[in-house]
Amino acid sequence: MKFLLVFDFDHTIVDENSDTWIVKCAPGKRLPHGLRNSYQPGHWTEYMGRVFVYLGDSGVKEEEMRRTMTMIPFTAGMGDLLRFIGENKKLFDCIIVSDSNTLFIDWILKAADFHKVFDEVFTNPAAFSSTGYLTVQNFHAHHCPKCPKNLCKRKVLKEFLDKQLERGVSYTQVVYIGDGGNDLCPVMSLKKNDIAMPRHGYTLEKRISQLSQDRSPVECSVLVWSTAVEIASYLKLLIKE
């Protein structure tokens, strides 16, 4: 018996958007009007690339970025939840699928000593250039019309599950924990025995609710959460059954 826990990162593990949190490093803790308005739907990664160029041009260094990111707050109860998962790794495989980037997630998880809880992190690759500028690339290419250009979480989840099956690993249940509109695509791929856990009041919950109203509900069970305490309660019930 083994369960797969799939976590989004922003507004799920941490209680903020890590990409907008980095703006605290900018002069005056804000971006120029033209840069702020340059985002085009579906092209967030390209927008963040421009933000990182602006931060580099403003003299913001790696150490300041790292220090700022490690101050981001975790969602209520998330620390206890991750410790519980870490203590029960024989029962839980745990991955992150996120539209953030490798450096932000790595900095945040290592500073809180939670990096060993997660078996894999799937997110946009980031690195510092030889000139000290932070750069970010799209995670992959895909053909899904529902998802942003840089990341289809359904494709990531399917490829991970297929790879695990090749290794002889199958899961009793997949538990998908997220909040955003880009979490709907993978949730729609979940099976009857799986469970989606959308955060209360966020886009994913609203989209799932809308599908039910349109009489095309998701196949999996749905359990809404407000704090990670509720997620932990469900997982504790799961391993008792």
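A brief look at the structure comes next.

**Some thoughts on the packing of aromatic side chains**
The description of two aromatic rings rests on the distance between their centres and on the angle between their planes.
Part 1: By the definition in use, this model includes 12 aromatic pairs.
Part 2: Taken together, a centroid distance of 5.6 Å and an interplanar angle of 80 degrees make the contact between phenylalanine 74 and phenylalanine 114 edge-to-face. Placement of the pair is phenylalanine 74 in the loop between α4 (62-69) and α5 (78-87) and phenylalanine 114 in the loop between α6 (102-111) and β3 (120-124), with a sequence separation of 40 residues.
Part 3: Overall, the relative accessible area of 24% leaves phenylalanine 74 in the partly exposed class.
Part 4: Of the residues examined, phenylalanine 114 reaches a relative accessible area of 7% and is grouped as buried.
Part 5: In this structure an aromatic cluster arises from ring pairing among Phe52, Phe104, Trp107 and Phe128.

**Observations concerning the pattern of salt bridges**
Part 1: Within the structure shown, the criterion is met by 12 salt bridges.
Part 2: Across the pair lysine 149 and glutamate 46 runs a salt bridge whose closest N-O atoms are separated by 3.1 Å. Within this pair, whereas lysine 149 is found in the loop between β5 (134-136) and α7 (153-166), its partner glutamate 46 is found in helix α3 (residues 44-57), the two being separated by 103 residues in sequence.
Part 3: Take lysine 149: its relative accessible area is 44%, and that puts it in the partly exposed class.
Part 4: Linking aspartate 119 and lysine 89 is a salt bridge whose minimum nitrogen-to-oxygen distance equals 2.8 Å. Residue aspartate 119 is found in the loop between α6 and β3, and its partner lysine 89 is found in the loop between α5 and β2 (92-101); the two are separated by 30 residues along the sequence.
Part 5: On the accessibility criterion, aspartate 119 (41% relative accessible area) is partly exposed.
Part 6: Accessibility expressed as a relative area gives 21% for lysine 89, which makes it partly exposed.
Part 7: Within the structure, one salt-bridge network assembled from shared partners comprises Asp8, Lys153 and Asp183.

**So, the side chain of histidine 140**
Part 1: Among the secondary structure elements, histidine 140 is positioned in the loop between β5 and α7.
Part 2: For histidine 140, a relative accessible area of 15% gives the class buried.
Part 3: At 3.0 Å, the side chain of histidine 140 and the backbone nitrogen of cysteine 152 are in polar contact.

**Digging into the environment of lysine 149**
Part 1: Along the backbone, lysine 149 and isoleucine 239 are 90 residues apart, and their C-alpha atoms lie at a distance of 37 Å.
Part 2: In this structure lysine 149 touches Gly42, His43, Glu46, Asn138, His140 and His142, once residues within four positions along its chain are discounted.

**Observations concerning the environment of glycine 180**
Part 1: Topologically, glycine 180 is positioned in the loop between β6 (173-178) and α8 (184-187).
Part 2: On the accessibility criterion, glycine 180 (13% relative accessible area) is buried.
Part 3: Linking glycine 180 and leucine 35, residues 145 residues apart in sequence, is a C-alpha distance of 23 Å.
Part 4: Setting aside residues up to four positions removed in sequence, glycine 180 forms contacts with Thr203 and Leu204.

**Some remarks on empty space enclosed by the protein**
With a probe scaled to a water molecule rolled over the atoms, the places where space remains empty come into view.
Part 1: Under the counting rule described, the total for this entry stands at one cavity of 30 Å³ or more.
Part 2: Counted as a void, the largest cavity has a volume near 30 Å³.
Part 3: Considering the residues around the largest cavity, the lining is formed by Asp19, Trp44, Thr45, Met48, Phe52, Asp99, Ser100, Asn101, Asn124 and Val136.
Part 4: Classifying every residue of the lining of the largest cavity gives four nonpolar, four polar and two charged.

**Focus: the pairing of β3**
Part 1: Sheet topology places β2 next to β3; four bridges connect them, and they run parallel. Bridge pairing in β3 places valine 97 opposite phenylalanine 122.

Definitions and cut-offs
- Sequence order sets the numbering: in each chain, residues are counted from 1 along the sequence as written.
- Since the coordinates come from a predicted model, pLDDT governs what is reported: local features require at least 70, and pairs of side-chain atoms require 80 or more to be given and counted, while whole-chain, interface and lining totals use all residues.
- The basis for every side-chain value is the complete set of heavy atoms in the structure, and neither hydrogens nor water enter the calculation.
- Pairing of aromatic side chains requires ring centres within 6.5 Å, counting the rings of Phe and Tyr and the six-membered ring of Trp. Pairs whose planes differ by under 30 degrees are stacked, by over 60 edge-to-face, and all others tilted.
- Secondary structure elements follow DSSP: runs of H or I of four or more residues count as helices, runs of E of two or more count as strands, with numbering from the N terminus.
- The cut-offs for exposure are 20% and 50% of the maximum accessible area for each residue type, with area from a 1.4 Å probe on protein chains only; residues under the lower value are buried, those over the upper are exposed, and the others partly exposed.
- Definition used for salt bridges: Asp or Glu carboxyl oxygen within 4 Å of a side-chain nitrogen of Lys or Arg.
- Polar contacts here mean pairs of N or O atoms no more than 3.5 Å apart (in protein, one a potential hydrogen donor and the other a potential acceptor; neighbouring residues in sequence count only if both atoms are side-chain atoms).
- In this analysis, two residues are considered to be in contact whenever any of their non-hydrogen atoms come within 4.5 Å of each other.
- Space inside and on the surface of the protein is sampled on a 1 Å grid over the protein atoms alone, with a cavity defined as a set of points where a 1.4 Å probe fits but cannot get out and a pocket as an open set with protein on both sides within 12 Å along at least 5 of 7 lines; lining residues have an atom within 4 Å of a point.
- Grid points are joined across faces, edges and corners, and a volume is the space filled by probe spheres set on the points.
- In this classification, Asp, Glu, Lys and Arg are treated as charged, Ala, Val, Leu, Ile, Met, Phe, Trp, Tyr, Cys and Pro as nonpolar, and every other residue, Gly included, as polar.
- By this definition, two strands are paired if DSSP reports at least two bridges between them.

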